[in-house]
Amino acid sequence: MRMSRYFLPVLKETPREAQIVSHRYMLQAGMIKQASAGVYSWLPLGYKVLKKIEDIVHEEQIKAGHHPMLMPTIQSADLWRESGRYDAYGAEMLRIKDRHDRDMLFTPTAEELITDIFRANVTSYKDLPLTMYQIQWKFRDEVRPRFGVMRGREFYMKDGYNFDLTKEDALHAYNRHLVTYLRTYERMGLKAIPMRADSGPIGGENTHEFLVLAETGESEVFYDSAVTDLTFGDREIDYDDKAACAAVMEEFTTKYARTDETHDEALFNEIPEERRMTARGIEVGQIFYFGTKYSDALNAAVDDGQGGKVNVHMGSHGIGVSRLLGAIIEASHDDKGIIWPEGVAPFHVGILNMRSGDEAADAACEDLYKQLTALGLEPLYDDRDERAGAKFGTMDMIGLPWRITVGPRGLKNGVVEVTCRRTGDSEEMPPAEAVDKIARIYEGSA
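Residues numbered from 1 in each chain as written. Predicted model: local features only at pLDDT ≥ 70, side-chain atom pairs only at ≥ 80, totals over all residues. Heavy atoms only, no water.

Engineer: Requested: an account of the pattern of salt bridges, with residues and values cited.
Structural biologist: Enumeration according to the criterion identifies 29 salt bridges in this entry. When the shortest N-O distance is used, the salt bridge between arginine 187 and glutamate 59 registers 2.6 Å. Of the two residues, arginine 187 is situated in helix H6 (residues 167-187) and glutamate 59 in helix H2 (residues 44-63); the sequence distance between them amounts to 128 residues. For arginine 187, a relative accessible area of 33% gives the class partly exposed. On the accessibility criterion, glutamate 59 (37% relative accessible area) is partly exposed. Among the ionic pairs, arginine 119 bridges to glutamate 82, the shortest N-O distance being 2.8 Å. Highlighted residues: arginine 119 in helix H5 (residues 111-121) and glutamate 82 in helix H3 (residues 77-83), separated in sequence by 37 residues. Via salt bridges that share partners, Glu59, Glu60, Lys63, Arg183 and Arg187 belong to a single interconnected network. (Salt bridge = Lys/Arg side-chain N within 4 Å of Asp/Glu carboxyl O. Helix = DSSP H or I, 4+ residues; strand = E, 2+ residues; numbered from the N terminus. Buried < 20%, exposed > 50% of the residue type's maximum accessible area, 1.4 Å probe, protein only.)

Engineer: Help me get a handle on the sheet that holds strand S4 (residues 74-76), residues and values and all.
Structural biologist: With antiparallel pairing, the three strands of this open sheet are ordered in space as S4-S6-S5. The open sheet has two free edges, formed respectively by S4 and strand S5 (94-97), since each of these has just one partner strand. For this sheet the average axis-to-axis angle between neighbouring strands, irrespective of direction, equals 35 degrees. (Pairing = 2+ DSSP bridges. Axes fitted to C-alpha atoms, helices over the stretch in contact; angles between N-to-C directions.)

Engineer: Kindly report on the nonpolar core, identifying the contributing residues and their values.
Structural biologist: Within the largest apolar cluster, 70 residues are counted, with the highest numbers of intra-cluster contacts made by Met31, Ile53, Tyr185, Phe210, Val284 and Trp340. In terms of residue count, H6 provides more of this core than any other element does, seven residues in total. Formed by 26 residues, the second largest nonpolar core is a distinct cluster that contains Met71, Tyr86, Met132 and Val302. (Core = buried A, V, L, I, M, F, W, Y, C linked by side-chain atoms within 4.5 Å.)

Engineer: Help me get a handle on helix H11 (residues 359-374), residues and values and all.
Structural biologist: Given a rise of 1.5 Å per residue, 16 residues ought to cover 22 Å, and the 23 Å separating the end C-alpha atoms of H11 matches this to within 8%. All buried positions along H11 are accounted for by Ala361, Ala364, Cys365, Leu368, Tyr369 and Leu372. All buried residues of H11 lie within an arc of 135 degrees about the axis, which places them on one face of the element. In H11, the exposed positions that point more than 90 degrees away from the buried face belong to Glu359, Lys370 and Ala374. Of the surrounding elements, those touching the buried residues of H11 are strand S19 (349-353), strand S20 (379-382), strand S21 (402-406), helix H13 (408-412) and helix H14 (431-441). Taking the backbone nitrogen of alanine 360 as reference, a side-chain oxygen 3.2 Å away marks aspartate 358 as the first, capping residue of H11. A positive backbone phi angle near 85 degrees is found at glycine 376, which sits one or two residues after H11. (Expected span 1.5 Å × (residues − 1). Arc of directions from axis to C-beta. Contact = heavy atoms within 4.5 Å. Polar contact = N/O pair within 3.5 Å; in protein donor to acceptor, adjacent residues only side chain to side chain.)

Engineer: Break down the sheet that holds strand S23 (residues 426-429) for me, citing the residues and quoting the values.
Structural biologist: Across the sheet, five strands lie side by side as S20-S19-S21-S22-S23; this open sheet has mixed pairing. In this open sheet, the two edge strands, each paired with only one partner strand, are S20 and S23. In this sheet, adjacent strand axes meet at a mean angle of 20 degrees when their direction is disregarded. Two strands pair when backbone bridges link them, and strand S22 (residues 416-420) and S23 are joined in this way by four bridges, in the antiparallel orientation.

Engineer: Lay out the pairing of strand S11 (residues 219-224) in plain terms, naming residues and giving numbers.
Structural biologist: Counting buried positions over the six residues of S11 gives five, a clear majority of the element. Across six bridges, S11 lies against strand S13 (residues 276-291) in antiparallel orientation. Within S13, the position partnered with valine 221 by the bridge is alanine 279. The sheet contact formed by S11 and strand S12 (residues 257-259) spans three bridges and is antiparallel. Considered in S12, the bridge of tyrosine 223 is made with alanine 257.

What follows is the structure, given as structure tokens:
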């Protein structure tokens, strides 16, 4: 993409309504624009990152054998009355009526609807286990939306639902989801710690939230510092192997890590004092096992193979896709702007022409642009007739991980400058070597 043809409404002023870094930088970088309180339009740069995050979530869910689908954003109140949650959910649910005066709602979650789909189509234990998920817009009518996409009313979310014959099978699904989430967050360059949490209106006894440590987090968290040393890395796992998934669950959840709702001071004090940590955390996902809560209420039963019928065991599993953009920025920025991890960057590399209109500089930039594009990479070429300082400022603000700077002086010596946004380190090299370097960084991901 050429900057001169891209819609990128970068703001020079600091937006007064932005209270935290991610909200401020998303507005300044031209990623979002507020439509109403807690509701945002996603502009091209923001939408591009949103889709990168969505793609990673899809890839990891499909690897685990989960089936993508799509349910409506507007649901009938009838199913929610059947489950008993229509009145119990509270004021966060946006309740509406259609022209026939029927009670409807803008979905905050979809346990009832997915259970209705299941009970209408699955009758035998032979069709289990089954996990289906969607990535869809949700709406929760927050009393005080704030912090941009971190606590908006409308948000983009992956919500998945497992159906299993037994509690043992459903707990394997719970463990399997924990593994997929660890892999997902690490691919995005995030350290997301699973912490024992409160189940809230979803229900159930088993639940873990995944939290990214940040000063602007909405939750107070308590943890053993040893949990921050745990990484999943590039290990492979067989998702059908119950023991292997259970081992990962044990590895990542045995050490103390809890939100304020489930904090146990006595257990916390058993940790060596130097490892007792208190911080703020941003929730980016949660997994639940709630047994037969919804299958009992909605009569979702299958033939058990022994002449009887049993209500299936269930769980649900969410990832805040749109919220993740804010969390990544909160965890990865400096005073110049965003610093995107390579896995979610909107463009792989920026090409900055120090002197647009200079024949040699223009030709070198065009050649770099064509070579990188031919390799399947997406460069963002700043070809605008702007002063160099403004171009550097824009590149720093939008946070591309790598930048190639091209100027007449360097070209006379046969070199361009390659800069890492995270470290600020620069290296001069011939243009062909710059292309090879960027290609190696993204090898296998483009």
